[in-house]
Amino acid sequence: MKLFLPATFLLLLYFFPLCLSAQESVKVSGTVRDAQQTLPAATILLYNAKDSVLVTTAMTNEDGKFNFTAKPGNYYIQSTSIGYSKVKTASFQLTSSAFQVPVITLKENSKQLGEVNITAAKPILERRADKLIFNVDATPSATGLTALELLKKAPGVVVDYNENITLAGKANVLVTIDGKQTYLSETEVTNLLKSMASSEIESIEILNNPGSRYEANSTGGIINIKTKKNKTEGFNGSLSLGGGFNKFVKSDNSVNLNYRKKDFNVFGSYGYSTRKYEETLDLNRVTPSATAPVYFRQHSRDTSTSTAQNFKIGSDFFLSPHHTIGFLVKGNINPYHDYSYSQENIGKSFEAPDSILRTPSSTSAKRKNFTYNINYKGILDTAGQELSIDADYSTFNGGNNANYLNRFYLPDGSFFKDGQIYRNSAPSNINIKAIKVDYTLPFTKKFKLDAGVKIADVKSDNNYIYENNLAGNWIFDNTKSNQFLYDEQVDAAYTTLNLSVGKANIQAGLRAEHTKSTGNSVTTNELTERDYTNLFPSLLVSQTFDADHTMNFSYSRKINRPNYQNLNPFVFYLDQYTYNQGNPNLKPEYANSFELSYLLKQKYSVSLGYTHTSDVITQVLLQNAATSSIFQTVLNLASDDVASITINFPVTLSSWWNMNNNILAYYKQVQAPNLNGNDLNSKQFSTNLYSQNNFTLTKLISADAGLMFSSPQIDGAFKVKSMFNADAGLRYNFPNKMGSLKLGVNDIFHSQKARISSSVAGNVYSLEQYGKSTSAMLTFTYRFGKMSVKSERNRTTGLDDEQKRLGGK
């Protein structure tokens, strides 16, 4: 009953607009050119002639042609392109099934060549041949969210109870920032995303099946987070101030500055956020014993307080019109404090405990991550030869100090005895060096070669110091303490051939990677060495039948190496009966992925996908019958097969209501023989429904409402129950277009609750985790300085894969 109202609301919002949109649309087409030639990549903006409300957007193809559909009515078009002044057409009326717009001729901007004023908003979702782009600024309800919370709004992306990210039902997703890998473990990537504010993010790019040019360490696909960059000449910037609350007050503040002249560009940004968050976990379990099972009912509540500082400063020097050298420094400082209280009822049944374990604990930590980059990009000749070089150095310094007090009480609440009283310290230091070179050689206009090499070296030093409190004295415990050193070098080379034949485009690539790693558990004198080489082919075939119909087929082979912290054999105790343990024997997993997609009218798409993954790296919760404890670890499961269909369809309901919908349905099978003494063969058909509605209320006021529903699904050895979420937002743009005010409300129905159970026979537990996810945030943004856009160098760095794998809990 709790989900009946929101689920009904979701179904109405999905199907009611389809009835409204049954009115016949008119096909609109045309050409954009200058005095000499047609113009590719020119922007087309269709406005309602009556109230100048933006109806839809389009972009010209390589022949300067565009097409889209619109309902009958009176309209006009505004066209822009980099280096040209904008042009507004005369009003025209759409009545028949097709309309040809007279040729639009743009004139070069002689005063400020390379500049164009952009006034139109981007669509929420953009579909490209190999990616889906989620534009953050087009979603007012995104205000005040962290990057991790923002991912929950992206189509096909699921963030589970343990903050693991899956994409289209596939785990082990590579998260990159501005096209570069963080080299952090999944846990540290999660912490980094929680410290990033949505005000710093321009868009999220989702690549289900990336090619050979991208990092091979991405069996679950790639999610690239693009941060905001100033692209304007002269001095300009923006200031964002945000405040809100869930149960507690939170804030997000940031400033971006840019100064650009003909020969150089200097830019920088700084963000500061504060958050306090409360999370509750309920865990019920029965120990695997046929004769005397023990029943545990655990209720715990965590209250965490954190601040985050993110900064970026860099410069580009334009040595000539075709050669640029740049420098970039990025940093993240994220201290946090956590207080937890756990109560565990223990007995022969859930209803009749014979003892109670109460565990208050406190944790304090500080993480620092700095990245230094120097880069070069050059266009070597008029034929289009390009060379780019990136050299990176990154450091991560972190760790936490925790104190635990376990005490047993009788069922009536009276004190019985002390349990284990201990504390631990876990410092971690990681250093990363990487260099990559990319080269492009066009043989003809329709045939080119891309090639590149990359070397990445990672050194990790993790220490774990465990001390017991005995008679008031802290005693070092060498049986539970350990130092773990990990060194890894990955040498990679790739080549990709791009060939256009008529209206078909073929991209075939091959990537080779050699990995050499050493894991050294100093305290236990355990050494794990690996040395292996793999080939990763990829293929992308794109066929354009006409302006309205495009089909793509892609294949790739990928690897997912164990992250550094999962290889660490440390045992992290949460209480006397709950702990987390690494696995130094983890092997890499390998995935073969296929995808067939169809794009209609450059906006409607259907994709069929299949991925087979072997030696699947996955988190599991298992029980130890001898100690009655439950522990989380990471294992290699035998295989994971996912077959999926994804449908994306925007709907224009009226001049003031636009809707973007995404439906993901997939069938998943996970197999693992002899998992904790039992065979696992888990199967599940699942769906994810996503709908984002944008409303243009007036010229200055807009709103949005987002809905997401996930049906029951499986994740490794977990069964996950259904989940529903609804967000809404309101935006006011100031008349001078220099500022805006945004209000966002998230998790309106307080329905984001993770409910987990086990897929493994004999491993009986159920888990429910939820927090104060219902929140409201008000953000003021002010832009100052020159607002005309200068075409900017598209630059990424060499740290594209390794930071995902650093880390620590």
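Cut-off values and rules
Along every chain, residues carry numbers that run from 1 in the direction the sequence is written. In keeping with the model being predicted, local features are shown solely for residues with a pLDDT of at least 70 and side-chain atom pairs are shown and tallied solely at 80 or more, while totals for entire chains, interfaces and linings include all residues. Hydrogens and waters are ignored; side-chain quantities use all the structure's heavy atoms. Elements are defined by DSSP. Helices are runs of H or I of four residues or more, strands are runs of E of two residues or more, and each kind is numbered from the N terminus. In this scheme, a residue with accessible area under 20% of its type's maximum is buried, one over 50% is exposed, and one in between is partly exposed, where area comes from a 1.4 Å probe on protein chains only. The contact criterion used throughout is that any non-hydrogen atoms of two residues lie within 4.5 Å. Each accessible area is a Shrake-Rupley estimate made with a 1.4 Å probe; only the visible protein chains count as cover when residues are assessed. The criterion is simple. A nonpolar core is a set of buried Ala, Val, Leu, Ile, Met, Phe, Trp, Tyr and Cys residues joined through side-chain atoms within 4.5 Å. On a scale of 0 to 100, pLDDT captures the predictor's confidence in every residue. Between any two strands, at least two bridges found by DSSP are needed for them to pair. Polar contacts, as counted here, are pairs of nitrogen or oxygen atoms within 3.5 Å of one another; within protein the pair requires one atom able to donate a hydrogen and one able to accept it, and residues that are adjacent in sequence qualify only if both atoms are side-chain atoms. We count a salt bridge whenever a side-chain nitrogen from Lys or Arg sits within 4 Å of a carboxyl oxygen from Asp or Glu. Whether two aromatic rings pair depends on their centres lying within 6.5 Å, for rings of Phe, Tyr and Trp, where Trp uses its six-membered ring; planes under 30 degrees apart make the pair stacked, over 60 edge-to-face, and the rest tilted. In our convention, an over-ring charge means Lys NZ or Arg CZ found within 6 Å of a ring centre and within 35 degrees of that ring's normal.

> Give a detailed account of the overall build of the chain, specifying residues and quantitative values.
Counting its secondary structure elements, the chain contains four helices and 50 strands. Relative to its 809 residues, the chain shows a buried fraction of 54%. A sequence separation of at least 24 residues applies to 67% of the contacts in the chain between residues at least 6 apart. Per element, the accessible surface of the chain, about 34,500 Å² overall, is 58% carbon and sulfur.

> Got a sec to walk through the nonpolar core? Specific residues and values, please.
Y464, Y573, L637, L675, L680 and A717 are the most contacted members of the largest nonpolar core, which totals 34 residues. One finds A147, L150, M196 and Y690 within the second-largest nonpolar core, a separate group that totals 26 residues.

> Pulling in residues and values, what's your account of the confidence of the model for the chain?
Across the chain, the average pLDDT comes to 84, with 88% of residues at or above 70. Confidence, read as mean pLDDT per element, is least for strand β10 (residues 115-116) in the chain (38) and greatest for strand β30 (residues 473-476) (96). Low pLDDT, under 50, characterises residues 1-23; the stretch is placed with 35 contacts to residues that sit more than four places away or in other chains. Below a pLDDT of 50 lies the segment residues 110-120, which in the model reaches 33 contacts outside its immediate sequence neighbourhood of four places, other chains included.

> Can you explain the pairing of strand β1 (residues 26-33)? Please cite residues and give values.
Among the eight residues of β1, six are classified as buried, and the element is accordingly described as predominantly covered. Pairing of β1 with strand β4 (residues 65-70) involves six bridges; the strand directions are antiparallel. Its bridge partner lying in β4, V28 is registered against F68. Alignment of β1 against strand β8 (residues 98-100), held across three bridges, turns out to be parallel.

> Run through the side chain of N568, naming residues and quoting values.
Along the chain, the position of N568 falls in the loop between α4 (564-567) and β35 (571-575). Overall, N568 belongs to the buried group, its relative accessible area being 1%.

> Requested: an account of the side chain of T633, with residues and values cited.
Note on placement: T633 falls in strand β39 (residues 629-654). For T633, the side chain forms a polar contact with the main-chain oxygen of Q581, separated by 2.9 Å.

> A description of the pattern of salt bridges should follow, citing residues and the corresponding values.
For the structure shown, the criterion picks out 16 salt bridges. The residue K454 makes a salt bridge to E215 at a minimum N-O spacing of 2.6 Å. Taken as a pair, K454 in strand β29 (residues 447-470) and E215 in the loop between β17 (201-207) and β18 (222-227) lie far apart in primary sequence, 239 residues in all. The pair K454 / E215 is uniform in exposure class, with both members buried. What emerges from the salt-bridge pattern is a single network uniting E215, K454, R511, E513 and R561.

> Which residues make up the packing of aromatic side chains, and what are the values?
Each aromatic ring pair is characterised by the separation of its centres together with the angle its planes make. A full pass over the atoms with the stated rule returns 30 aromatic pairs. Ring plane angle 40° and centroid distance 6.0 Å describe the contact between F235 and F784, whose orientation is recorded as tilted. Of this pair, F235 sits in strand β19 (residues 234-245) while F784 is found in strand β49 (residues 775-785), placing the two residues 549 residues apart along the sequence. Residue F235 is classed as partly exposed on the basis of its relative accessible area, which comes to 45%. Centre to centre, the rings of Y579 and F631 are 5.2 Å apart; their planes meet at 5°, and the pair counts as stacked. One end of the pair, Y579, is in strand β36 (residues 578-581); the other, F631, is in strand β39, and 52 residues separate them in sequence. An identical accessibility class is assigned to Y579 and F631; each is buried. The rings of Y404, Y422, Y466, Y573, Y579 and F631 are connected pair by pair, giving a single aromatic cluster. Against the face of F408 rests K417, its NZ or CZ located 5.5 Å from the ring centre.

> Outline unusual backbone geometry, listing residues and values.
Within the chain, N525 stands out as a residue other than glycine whose phi angle is a positive 60°. Assignment of secondary structure puts N525 in the loop between β32 (504-521) and β33 (526-546). In this model, S628 sits at a positive phi of 60°, which is unusual for a non-glycine residue. Relative to the assigned elements, S628 resides in the loop between β38 (604-624) and β39. A residue is classified by how much of its surface remains accessible, and S628, at 16% relative accessible area, is buried.

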